[in-house]
Amino acid sequence: MSNKRIGILTSGGDCGGLNAAIRSIFYRAKNKYKMDVYGIRDGTAGLIKRPVDVMQLTHKTFGGYLLRQGGTFLGSTNKGNPFKIPTNDGKYVDKSKEIIQGYHSMKLDGLIIIGGDGSMQILKKLADKGKMNIVAIPKTIDNDVGATENSIGFHTAVDVATQALDNLQSTAASHRRSMILEVMGRDAGHIALNAGIAGGADVILIPEIKYSINGVIKKLNEMKKNKIQHSLIIVAEAVKKEDGSKVMHKYLDGEKRLGGIGDYIASEIMKKTEIECRVTTLGHVQRGAPPTANDRILASAFGVYAVDLLANKKFNRMVAWNNRRVVDVAIDEGIKTYRDVQRDDPLVETALSLGAYIGEIK
Ligand code: F6P
């Protein structure tokens, strides 16, 4: 009997721990089930190409530094939806058939997709339409997939943001400045809240809790009274201006992304006080950094479990971290259950108890 064949693809924004997950999938599939494992390049784009853009994974693939490297060596895409790809003449084309044909042309017994909620939604739709056997592993630095306590990449992003606060502290103190650190997270404030606590931020602004510039200034003035003339402010990219407007950055290719709220906060403080502010926007180093031990462990545990699901023909499932172990839930649950920071999150209380200003909390 010939070996079973499985595919792996990474989809959506990259993050630390993806290579560790691919490695773990490979070892489990080979060592326990003697499967042949194929890596699909650039997410679903690799299945659209003819011939399909894939590589067979071997022990040699993992002989180097992959476990330690950020990003995904298979490549990924976080632009667009294959059901509706924009063309140069302003129209849209549906490439779902090509992806499904590409999958079946590889004679795969199953496909493991590593992605966030957006990617899982697209892949689930493709699987339903084209009878593809899929299992999902959640990854996102935003940690907003509700059905799992942790997604791959989050811990690394928090670590990078914490290190940035550590590095900013000394220069803030040297110059008696307020250093503002803008971090990613899309609409969720998990990175800012977690790193804010770990890095001792004096002000933590997240999109889920309303703040005021006066509230921020009050905190900085209180610190001055205690003879502390420098401060650290961490702000999540989706925090809005006081008038409720979002701050976006438009790139030359037309893509718009959240970005710039740090500059707004700095200008507002400087308009109203003598405090000198400087802004650091952390950006994609949160995604490209070498994965933390925690993310490597999570990715490895997820990879093993995902292969077991495929081997046991338990399709349309997503692996999840729950109460110190890996479990599985329906992919639909992974897609539906968005989680941002709740007011009763114990970490909100922690930040408050540490004296941080975190918004207008009664
Ligand atoms: O969802 C992950 C994420 O890194 C967000 O935190 C951020 O807003 C966005 O992706 C950035 O996207 P891009 O890589 O397209 O700039």
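The rules behind these values
- Residues numbered from 1 in each chain as written.
- Predicted model: local features only at pLDDT ≥ 70, side-chain atom pairs only at ≥ 80, totals over all residues.
- Heavy atoms only, no water.
- Helix = DSSP H or I, 4+ residues; strand = E, 2+ residues; numbered from the N terminus.
- Rg over C-alpha atoms; globule rule 2.2 N^0.38 Å.
- Buried < 20%, exposed > 50% of the residue type's maximum accessible area, 1.4 Å probe, protein only.
- Contact = heavy atoms within 4.5 Å.
- Pairing = 2+ DSSP bridges.
- Axes fitted to C-alpha atoms, helices over the stretch in contact; angles between N-to-C directions.
- Expected span 1.5 Å × (residues − 1).
- Lys, Arg positive; Asp, Glu negative; His and termini not counted.
- Salt bridge = Lys/Arg side-chain N within 4 Å of Asp/Glu carboxyl O.
- Phe/Tyr/Trp six-rings, centres within 6.5 Å; stacked < 30°, edge-to-face > 60°.
- Near = heavy atom within 4 Å.
- Polar contact = N/O pair within 3.5 Å; in protein donor to acceptor, adjacent residues only side chain to side chain.
- Areas by Shrake-Rupley, 256 points an atom, 1.4 Å probe, with all protein chains shown as cover.
- Nonpolar A, V, L, I, M, F, W, Y, C, P; charged D, E, K, R; others polar.

**Q** In this structure, what is going on with the overall build of the protein chain? I would like to understand it.
**A** Regarding its fold elements, the protein chain presents twelve helices and 15 strands. The C-alpha radius of gyration of the protein chain comes to 22 Å, within 12% of the 21 Å expected for a compact globule of 362 residues. In the protein chain, which comprises 362 residues, the proportion classed as buried is 51%. Here the contacts in the protein chain between residues at least 6 apart in sequence split such that 71% fall between residues at least 24 apart.

**Q** Help me understand unusual backbone geometry in this model?
**A** Peptide bonds are trans in most cases, and residues, glycine excluded, mostly fall at negative phi. For the bond from R50 to P51, the omega torsion is -5°, close enough to zero to count as cis. You can see P51 is positioned in the loop between helix 2 (45-48) and strand 3 (54-56). Of note, K107 is a non-glycine position whose phi angle comes to about 55°, a positive value. Of note, K107 is situated in the loop between helix 3 (96-105) and strand 6 (110-115). Overall, the relative accessible area of 61% leaves K107 in the exposed class.

**Q** What should I look at first to understand the sheet that holds strand 8 (residues 178-183) in this one?
**A** One key point about sheets: their strands pair by backbone hydrogen bonds, in either a parallel or an antiparallel sense. Read across the open sheet, the four strands follow the order 9-10-8-13; overall the sheet is parallel. Of all the strands in the sheet, the pair left with one neighbour each is strand 9 (203-205) and strand 13 (277-281). The mean angle between the axes of side-by-side strands here comes to 15°, regardless of whether they run parallel or antiparallel. Relative to strand 10 (residues 231-236), strand 9 runs parallel, the two being bridged by three bridges. Paired with L205 across the strands is V235, a residue of strand 10.

**Q** Help me understand helix 10 (residues 293-311), please; the structure alone is not making it clear to me.
**A** Since the α-helix advances by 3.6 residues per turn, residues separated by three or four positions end up pointing in the same direction. Taking 1.5 Å per residue, 19 residues should reach 27 Å; helix 10 reaches 27 Å between its end C-alpha atoms and fits that length. Among all positions in helix 10, only D295, L298, A299, F302, G303, A306, V307, D308, L309 and L310 are buried. Downstream of helix 10 by one or two residues, K313 has phi in the positive range, about 55°.

**Q** What should I look at first to understand the side chain of D142 in this one?
**A** Relative to the elements of secondary structure, D142 occurs in the loop between strand 7 (134-138) and helix 5 (154-175). Buried and unpaired, D142 has no salt bridge, with R186 as the nearest side chain of opposite charge at 4.4 Å. Dropping the residues within four chain positions of it, D142 is found in contact with G185, R186, A188 and H190.

**Q** Help me out: how do you make sense of the packing of aromatic side chains in this one?
**A** Centre-to-centre distance and the angle between the planes together describe a pair of aromatic rings. Scanning the model with the defined rule gives four aromatic pairs in all. Here F26 and Y27 contribute two aromatic rings whose centre-to-centre distance is 5.5 Å and whose plane-to-plane angle is 65°, an arrangement assigned as edge-to-face. Where Y27 meets F62, the ring centres are 6.1 Å apart and the plane angle is 50°; that geometry is what we call tilted. Here Y27 is found in helix 1 (residues 18-33), whereas its partner F62 is found in the loop between strand 3 and strand 4 (85-86), with 35 residues between them in sequence. Accessibility expressed as a relative area gives 24% for Y27, which makes it partly exposed. In textbook terms, an aromatic cluster arises when at least three aromatic residues are bridged by ring pairs, as seen for F26, Y27, F62 and F73.

**Q** Looking at this structure, I do not really get the pattern of salt bridges. What am I missing?
**A** Pairing is possible between side chains that carry opposite charge, provided their charged atoms lie close to one another. Summed over the entire model, instances satisfying the criterion amount to 13 salt bridges. The closest approach of N and O atoms between K30 and D36, which form a salt bridge, is 3.4 Å. Notably, a salt bridge pairs D53 with R41, separated by 2.9 Å at the nearest N-O pair. Of the two residues, D53 sits in the loop between helix 2 and strand 3 while R41 sits in the loop between strand 2 (36-40) and helix 2, which places them twelve residues apart along the sequence. The class of D53 is buried, set by a relative accessible area of 19%. Of the residues examined, R41 reaches a relative accessible area of 29% and is grouped as partly exposed.

**Q** I would appreciate a short explanation of the site of the ligand in the present structure.
**A** Inspection of the region around the ligand gives N78, I141, D142, M184, G185, R186, E237, R257, H284 and R287 as its neighbouring residues. At a separation of 3.0 Å, an oxygen atom of the ligand approaches a polar side-chain atom of N78. At 2.7 Å, a side-chain N or O of R257 approaches an oxygen atom of the ligand. In isolation the ligand exposes 400 Å². Once the protein is present, 87% of that is buried. Here the residues of the shell around the ligand sort into two nonpolar, three polar and five charged.

**Q** I keep staring at the environment of L108 and nothing clicks. Help me out?
**A** Looking at where L108 falls in the secondary structure, it is placed in the loop between helix 3 and strand 6. Of the residues examined, L108 reaches a relative accessible area of 10% and is grouped as buried. When the C-alpha positions of L108 and M132 are compared, they lie 8.7 Å apart, and in sequence the two are 24 residues distant. When sequence neighbours within four positions are dropped, the list of residues in contact with L108 reads R5, I6, G7, Y38 and Y103.

**Q** Which parts of the structure should I look at to understand the sheet that holds strand 7?
**A** Spatial ordering of the open sheet is given by 3-2-1-6-7-14-15, a layout of seven strands whose pairing is mixed. The two strands at the open ends of the sheet, each matched to only one other strand, are strand 3 and strand 15 (325-330). When strand polarity is set aside, the average angle formed by the axes of neighbouring strands in this sheet is 25°. Where strand 7 meets strand 14 (residues 317-322), two bridges bridge the pair, whose relative direction is parallel.

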